[in-house]
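A structural walkthrough
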Protein chains: 2
Amino acid sequence: MKRNKLWRLRTEEYSKAAFETLSEEGLSGTTVEKVAKRAGVSKTNVLHYFGNKARLLEMALRYGNADLAREVSALLIRSNTPWERVYSVIEANFSRQFFTPKIAHAWLSLLAEIPYNPSYQRIQTAIHQRMRSNLMHALEQLAERERAEEVALAISVMIDGLWLRCGLHEGGIGRDTALQQMELLMESLFPNSPERLAAKARIDEIQSILNPG
Amino acid sequence: MKRNKLWRLRTEEYSKAAFETLSEEGLSGTTVEKVAKRAGVSKTNVLHYFGNKARLLEMALRYGNADLAREVSALLIRSNTPWERVYSVIEANFSRQFFTPKIAHAWLSLLAEIPYNPSYQRIQTAIHQRMRSNLMHALEQLAERERAEEVALAISVMIDGLWLRCGLHEGGIGRDTALQQMELLMESLFPNSPERLAAKARIDEIQSILNPG
DNA sequence: CTTTTTATAGACCAGTGAGTCTATACAATC
DNA sequence: GATTGTATAGACTCACTGGTCTATAAAAAG
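Residues numbered from 1 in each chain as written. Chains lettered and ligands numbered in written order. Predicted model: local features only at pLDDT ≥ 70, side-chain atom pairs only at ≥ 80, totals over all residues. Heavy atoms only, no water.

**Examining the protein's contact with DNA strand C**
- In the neighbourhood of DNA strand C, 18 residues make up the surrounding shell, with A:Ser42, A:Asn45, A:Tyr49, B:Lys43 and B:Lys53 lying closest.
- Taken together, the sugar and phosphate atoms account for 57% of what DNA strand C places within 4 Å of the protein.
- With respect to DNA strand C, the side chain of A:Tyr49 contributes an N or O atom lying 2.7 Å from a phosphate oxygen.
- Of all the secondary structure elements, the ones that give two or more residues to the surface near DNA strand C are α1 (2–25) and α3 (43–50) of chain A together with α3 (43–50) of chain B.
- Broken down by element, the residue count for the surface near DNA strand C peaks at four residues, all from α3(A). (Near = heavy atom within 4 Å. Polar contact = N/O pair within 3.5 Å; in protein donor to acceptor, adjacent residues only side chain to side chain. Helix = DSSP H or I, 4+ residues; strand = E, 2+ residues; numbered from the N terminus.)

Right under this line is the structure:
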């Protein structure tokens, strides 16, 4: 169907525009009009595809997550050991392309709306759920179940916290500080583990190959 | 000055109303009108005291933080050792009264605006700065400076992350899970430290006396 | 080649929200 | 007691925003 193709193309285009607008103008500054302007089309057209603003932002949330999800997958399929899978999740979350104040701004703007919009809530729950699941599959092979749960939560909470700080003020936390913090956490949780460090090194390398600069 | 007294009273009242509105309606749902209604006065009156909405929300941010700051102080002045000071910061941040989804919602809503409003940014920077300072004074006596810096950051980032999760969805993270996570972090960072555990126990006790329930 | 569907835009509408203007009650000051 | 300043509210304005209605061009279908 040609219709469906164009549909997908446009929704992706406009979701992206919405995400970018969000990151530059904040939630209160994001209007359908501005998103349309950024995409170079009329407001009517954007509404034609999404029906209403809420759904547009919903798709923006999905859009923002899709990139990250791809990055995680790309590392995950190249992982051979549990430790490598853990570091795939970590590294992907602080990839140079994604872990930027701009993107963190947009993410923050959407997060703030989550409590008031069940639809966003479902999406975010799914996102967290997937991260937890990715971590658990790996960690269960490295620790007892209960500890694995705790640790998985600690890792993902720390990731969220670092993203939050990244979005908060420009000069705040960058990739290096973030990774250093994650390493402080990991080294404290699992001290003296050559396997862990080897995995970290390998994933780091893979990531810098996949995504140079 | 009687004038100043009333002024203080009203600004406090309205800041509180704004904070509460924020927590129930989110940022997009918070209008000057609604805040006024909640305070039982006219919109004009609220505007009379704050001039504009931005300054109202700015005061709401300060208001929300003031409570927390008092809680930290109350524990801090009763602390005798560095470890107790560290746990004062931690416990205060997860006090039963403050660490609630409602308050976390309001806090999230304001955070999302920080990147777009220099004034909020300054306030938030000051808040983070004070937390860092509180932690550093204590941690410097427990580790070398560089490690103290790292650890202080780790603790405050984890606190932020847990607040974020608390605000995200109702059934998410509660005080118990949060404190358990903090303890996982602390135990990993400083294993086998009876002094630390004693301090934790003492602050926990003081806190439950000051703030029963 | 006509008919129907899809894509796109322009004009418009209704609602809302921030902020102002005007007015009144009230307190303080002289 | 007159005057000045403060607190408060009601009516109003102006800008803007989400969303709809109408129209047209383009494409698909027949």
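From this point on, the discussion continues.
**Remarks on the relation of the copies chain A and chain B**
- Expressed as a screw operation, the relation of chain A to chain B combines 0.0 Å of axial shift with a rotation of 180°, fitting to an RMSD of 0.1 Å. Accordingly, the operation relating the two chain copies is best matched by a two-fold axis. Closest approach to the rotation axis among the C-alpha atoms of chain A is made by A:Gly161, whose C-alpha sits 2.0 Å away.
- Residue by residue, 98% of the interface of chain A is reproduced at the interface of chain B, so both copies engage with the same surface. (Least-squares fit on C-alpha atoms with pLDDT ≥ 70 in both. Contact = heavy atoms within 4.5 Å.)

**So, helix α8 (residues 145–168) of chain B**
- The end-to-end C-alpha distance of α8(B) is 35 Å, a good match for the 34 Å that 24 residues give at a rise of 1.5 Å each.
- Counting buried positions over the 24 residues of α8(B) gives 18, a clear majority of the element. (Expected span 1.5 Å × (residues − 1). Buried < 20%, exposed > 50% of the residue type's maximum accessible area, 1.4 Å probe, protein only.)

**Description of unusual backbone geometry**
Residue and element names in this part refer to chain A.
- One non-glycine residue with positive phi stands out, namely Asn 192, at about 50°.
- As for its placement among the helices and strands, Asn 192 is situated in the loop between α9 (175–189) and α10 (194–210).
- Asn 192 gets classed as exposed once you look at its relative accessible area, which sits at 71%.

**Things to note about the packing of aromatic side chains**
All names here are of chain A.
- Scanning the entire structure with this criterion turns up 16 aromatic pairs over all chains.
- Note on Tyr 14 and Phe 50: the rings are 6.5 Å apart at their centroids and 45° apart in plane angle, and the pair reads as tilted. In this pair, Tyr 14 sits in helix α1 while Phe 50 sits in helix α3, placing the two residues 36 residues apart along the sequence. Pair check on accessibility: Tyr 14 and Phe 50 agree, each one buried.
- The structure contains a cluster of three or more aromatic residues connected by ring pairs, namely Trp 7, Tyr 14, Tyr 49 and Phe 50.
- Above the plane of the ring of Phe 190 lies Arg 147, whose end atom (NZ or CZ) is 5.2 Å from the centre. (Phe/Tyr/Trp six-rings, centres within 6.5 Å; stacked < 30°, edge-to-face > 60°. Lys NZ or Arg CZ within 6 Å of the ring centre and 35° of its normal.)

**Considerations on the nonpolar core**
- In terms of nonpolar packing, the biggest core is built from 136 residues, with A:Phe94, A:Ile155, B:Phe94 and B:Ile155 touching the most fellow members.
- Not counting residues within four places of it along the chain, the set of residues in contact with B:Ile155 comprises B:Val86, B:Ile90, B:Leu135, B:Leu139, B:Met182, B:Leu185 and B:Met186. (Core = buried A, V, L, I, M, F, W, Y, C linked by side-chain atoms within 4.5 Å.)

**Some thoughts on the interface of chain A and chain B**
- Of the residues lining the interface, 46 residues belong to chain A; the matching set on chain B comes to 45 residues.
- Taken over both partners, the interface formed by chain A and chain B buries close to 3500 Å², and the fraction arising from carbon and sulfur atoms is 66%.
- Here B:Asp160 ties to A:Arg165 by a salt bridge, and the two come within 2.7 Å at their closest N and O atoms.
- Run the count over chain A and chain B and you get 22 residue pairs in polar contact (both at pLDDT 80 or more).
- For the side of chain A that touches chain B, the elements supplying multiple residues, two or more each, are α1, α6 (101–113), α7 (118–139), α8 (145–168) and α9 of chain A. (Buried area = accessible area lost by both parts, 1.4 Å probe. Salt bridge = Lys/Arg side-chain N within 4 Å of Asp/Glu carboxyl O.)

**A few points about the environment of B:Ser88**
Residue and element names in this part refer to chain B.
- By secondary structure assignment, the location of Ser 88 is in helix α5 (residues 82–93).
- Residue class for Ser 88 comes out buried when judged on its relative accessible area of 0%.
- When the C-alpha positions of Ser 88 and Ile 206 are compared, they lie 9.5 Å apart, and in sequence the two are 118 residues distant.
- Look past the residues within four positions of Ser 88 in its chain and what remains in contact with it is Leu 75, Leu 76, Ser 79 and Ile 203.
- In this structure the side chain of Ser 88 is engaged in a polar contact, spanning 3.4 Å, whose partner is the backbone oxygen of Leu 75.

**Digging into α6(A)**
Residue and element names in this part refer to chain A.
- Compared with an ideal rise of 1.5 Å per residue, which puts 13 residues at 18 Å, α6 spans 19 Å between its outermost C-alpha atoms and is within 8% of the ideal.
- Along α6, ten of the 13 residues are buried, which leaves the element largely enclosed by surrounding structure.
- Along α6, the positions that sit buried rather than exposed are Ala 104, His 105, Ala 106, Trp 107, Leu 108, Ser 109, Leu 110, Leu 111, Ala 112 and Glu 113.

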